[in-house]
Amino acid sequence: MPTINKNTKRLSWEWKPTKKTWSNTPELYQTREWRILSKQVSSEERFCKECLKKGITKLTEVADHIRSPKLGGEFLDRGNLQGLCRPCNNAKKV
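Keep in mind that this is a model prediction, so the values were computed, not measured. (Residues numbered from 1 in each chain as written. Predicted model: local features only at pLDDT ≥ 70, side-chain atom pairs only at ≥ 80, totals over all residues. Heavy atoms only, no water.)

## Examining the overall build of the protein
When helices and strands are counted, the protein shows three helices and two strands. When the accessible area of the protein is evaluated, it comes to approximately 7,600 Å², of which 55% is carbon and sulfur surface. (Helix = DSSP H or I, 4+ residues; strand = E, 2+ residues; numbered from the N terminus. Areas by Shrake-Rupley, 256 points an atom, 1.4 Å probe, with all protein chains shown as cover.)

This is the structure we're talking about:
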């Protein structure tokens, strides 16, 4: 039976555990900071931004990242968030 040497270095292409980032820790959406910021977005932007562009007034239901954290957007940056209704938020994810 082969032995596993735990002291070997990982190759550059191998998976590496990283510090907490949005991609491997969906619990970031459960943090106190996120909940406060999400409520702030909802209170400041009463109506969905996408619906307003179409002339429809629908209440904001979720805080949405304008630039996805996957693409380098800041997770907890207020300037990177907008208020959307759920249908517009879901349509954006497709």
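## A few points about helix α1 (residues 32-44)
The terminal C-alpha atoms of α1 lie 18 Å apart, and with 13 residues this matches the ideal 18 Å at 1.5 Å per residue to within 8%. Buried within α1 we find Trp34, Leu37, Ser38 and Val41. The arc that holds the buried residues of α1, viewed along the axis, is 105 degrees, so those residues lie on one side. Summarising the geometry of α1, the exposed residues directed more than 90 degrees from the buried face are Arg32 and Lys39. On its buried face, α1 sits against β1 (62-65) and β2 (81-84). (Expected span 1.5 Å × (residues − 1). Buried < 20%, exposed > 50% of the residue type's maximum accessible area, 1.4 Å probe, protein only. Arc of directions from axis to C-beta. Contact = heavy atoms within 4.5 Å.)

## What about the nonpolar core?
Membership of the largest hydrophobic core is limited to seven residues, which are Leu28, Trp34, Leu37, Val41, Ala63, Phe75 and Leu81. Considering each element in turn, this core owes the most residues, three residues, to α1. Setting aside its immediate chain neighbours within four residues, alanine 63 contacts Trp34, Ser38, Val41 and Gln82. Core analysis: the second largest hydrophobic core is formed by six residues, Cys48, Cys51, Cys85 and Cys88 among them. (Core = buried A, V, L, I, M, F, W, Y, C linked by side-chain atoms within 4.5 Å.)

## Digging into the pattern of salt bridges
Throughout the structure, instances matching the rule amount to five salt bridges. Linking aspartate 64 and lysine 92 is a salt bridge whose minimum nitrogen-to-oxygen distance equals 2.5 Å. Of this pair, aspartate 64 sits in strand β1 while lysine 92 sits in helix α3 (residues 86-93), and the two are 28 residues apart along the sequence. You can call aspartate 64 buried: its relative accessible area is 2%. What makes lysine 92 partly exposed here is its relative accessible area of 37%. The structure contains a network of salt bridges with shared partners spanning Glu44, Glu45 and Arg78. (Salt bridge = Lys/Arg side-chain N within 4 Å of Asp/Glu carboxyl O.)

## Some thoughts on a nonpolar patch on the surface
A surface patch of nonpolar side chains, about 280 Å² in accessible area, is lined by Phe47, Leu52 and Leu59. The topology assignment puts leucine 59 in the loop between α2 (49-53) and β1. (Patch = residues over 30% accessible without salt bridge, like charges linked within 9 Å, V, L, I, M, F, W, Y side chains within 5 Å.)

## Examining the packing of aromatic side chains
Pairs of aromatic rings are described using the distance from one ring centre to the other and the angle between the two planes. Within the structure shown, the criterion is met by three aromatic pairs. Both rings, one in tyrosine 29 and one in phenylalanine 75, keep their centres 4.9 Å apart while their planes meet at 75 degrees; by these two values the pair is edge-to-face. Here phenylalanine 75 lies in the loop between β1 and β2 and tyrosine 29 lies in the segment before α1, a separation of 46 residues in the sequence. By relative accessible area, phenylalanine 75 is classed as buried at 11%. On the basis of an interplanar angle of 40 degrees and a centroid distance of 5.2 Å, the ring pair of tryptophan 34 and phenylalanine 75 is categorised as tilted. Taken together, the positions of tryptophan 34 in helix α1 and phenylalanine 75 in the loop between β1 and β2 put the pair 41 residues apart, joining distant regions of the chain. Here tryptophan 34 and phenylalanine 75 have matching classes, each one buried. These aromatic residues form a ring-pair network of at least three members: Tyr29, Trp34 and Phe75. (Phe/Tyr/Trp six-rings, centres within 6.5 Å; stacked < 30°, edge-to-face > 60°.)

Bear in mind that shape data such as this cannot, by itself, settle questions of function.
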